[in-house]
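Observations on the three-dimensional arrangement
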Amino acid sequence: SVSFRTLSSAEDLFIKRRLTEVKTEVVRYVEDRFMIMQLAAHIHSINGEILPKCLVDQKVDQTLFNERFERITQFPVAVVERLWVHWVWFQSRVNDALDDDFLTVG
C-alpha cells in the first residue's frame, strides 16, 4: 500500500531546478528521472514504511531528498511504473477536490 502527499510550490520548483543537472542527457532519461523525483517527493509511505522527510525549515534539504530518491530507485522498474499510475490517480483526485466551486466559495 502507498500513501501520497501533495507538494509545496518550493518542493515542485526544487525538482524542476534539479532537472537542469541532466539537461544534456537523452530525453527518455530526463523523463524517467523526473518521474522518480516526483515519486520521491510525493510518496509519504510504502507498506507502512514512512519515508524520511526532506523539508527542513520549509526548504528542501538536498541530502534528505537524495535519500528518498535513492530509496525509490531501488524498486524494480515495473513497481515504479505502477507507483506512477497510482500517483496520477492521486493527482486526479486532488484536482477533482479543487474543482471550480473550490475557487468561488468563501
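Bear in mind the structure is a predicted one, so any value in this text is a computation, not a measurement.

What follows concerns the packing of aromatic side chains. Enumeration over the complete set of coordinates arrives at 3 aromatic pairs. Aromatic side chains Phe 14 and Phe 65 sit 5.1 Å apart centroid to centroid with 70° between the ring planes, which places their arrangement in the edge-to-face category. Of this pair, Phe 14 sits in helix H1 (residues 9-18) while Phe 65 sits in helix H3 (residues 62-73), placing them 51 residues apart in sequence. Assessed through its relative accessible area of 2%, Phe 65 is described here as buried.

Once that is clear, we can look at the packing of H1 against H3. At a minimum axis distance of 13 Å, the contact between H1 and H3 shows a crossing angle of 75°. Here H1 is positioned roughly perpendicular relative to H3, judged by the angle of their axes. Contact with H1, carried on its side by Phe 14, Ile 15 and Arg 18, involves Gln 62, Phe 65 and Asn 66 of H3 and no other residues of that element. By residue class, the composition of the contact of H1 with H3 is 3 nonpolar, 2 polar and 1 charged.

Once that is clear, we can look at the layout of surface pockets. Taken as a whole, the largest pocket holds about 170 Å³ of empty space. Arg 5, Glu 11, Ile 43, His 44, Ile 50, Leu 51, Lys 53, Cys 54, Leu 55 and Arg 68 are the residues that line the largest pocket. Residue composition of the lining of the largest pocket, by class: 5 nonpolar, 1 polar and 4 charged.

The next point concerns the nonpolar core. Within the largest apolar cluster, 24 residues are counted, with the highest numbers of intra-cluster contacts made by Leu 39, Ile 43, Phe 65, Ile 72 and Val 80. Mapped by element, the contributors of at least two residues to this core are H1, helix H2 (27-42), strand S2 (43-46), H3 and helix H4 (77-97). If sequence neighbours within four positions are ignored, Ile 72 has contacts with Ile 36, Leu 39, Ala 40, Ile 43, Ile 46, Leu 51 and Val 80.

Among the structural elements, Gln 38 can be located in helix H2. By relative accessible area, which is 4% here, Gln 38 ends up buried. Contact partners of Gln 38, with chain neighbours within four places excluded, come to Leu 7, Asp 12, Ile 15, Trp 84 and Trp 87.

Thresholds applied
- Residue positions are given per chain, counting from 1 as you read along its sequence in written order.
- It should be noted that, the model being predicted, local features are given only for residues of pLDDT at least 70 and side-chain atom pairs only at 80 or more, the latter also being counted only at that level, while totals for whole chains, interfaces and linings use all residues.
- Calculated side-chain values reflect all of the structure's heavy atoms, with hydrogen atoms and water omitted.
- To pair, rings of Phe, Tyr and Trp, with the six-membered ring standing in for Trp, must have centres within 6.5 Å; the planes then decide the type, stacked if under 30 degrees apart, edge-to-face if over 60, and tilted in the middle.
- Note on conventions: DSSP H or I runs of at least 4 residues are helices, E runs of at least 2 residues are strands, and numbering of each starts at the N terminus.
- Any residue under 20% of the maximum accessible area for its type is buried, any over 50% is exposed, and the rest in between are partly exposed; the area is computed with a 1.4 Å probe on protein chains only.
- Geometry is summarised by axes, namely lines fitted to C-alpha atoms with helices restricted to the contacting stretch, and by angles between N-to-C directions that run from 0 to 180 degrees.
- Relative orientations are named as follows: roughly parallel for angles under 35 degrees, roughly antiparallel for angles over 145 degrees, roughly perpendicular for angles from 65 to 115 degrees, and oblique for any other angle.
- In this description, contact between two residues means that some pair of their heavy atoms is separated by no more than 4.5 Å.
- Asp, Glu, Lys and Arg are counted as charged, while Ala, Val, Leu, Ile, Met, Phe, Trp, Tyr, Cys and Pro are counted as nonpolar; the rest, among them Gly, fall into the polar class.
- Residues are said to line a cavity or pocket when one of their atoms sits within 4 Å of a point; the points come from a 1 Å grid over protein atoms alone, cavities being sets where a 1.4 Å probe fits but cannot get out and pockets being open sets with protein on both sides within 12 Å along at least five of seven lines.
- Grid points are joined across faces, edges and corners, and a volume is the space filled by probe spheres set on the points.
- We call a set of buried residues a nonpolar core when its members are Ala, Val, Leu, Ile, Met, Phe, Trp, Tyr or Cys and they connect through side-chain atoms within 4.5 Å of each other.

Remember that the coordinates give geometry; whether it matters functionally is a separate question.
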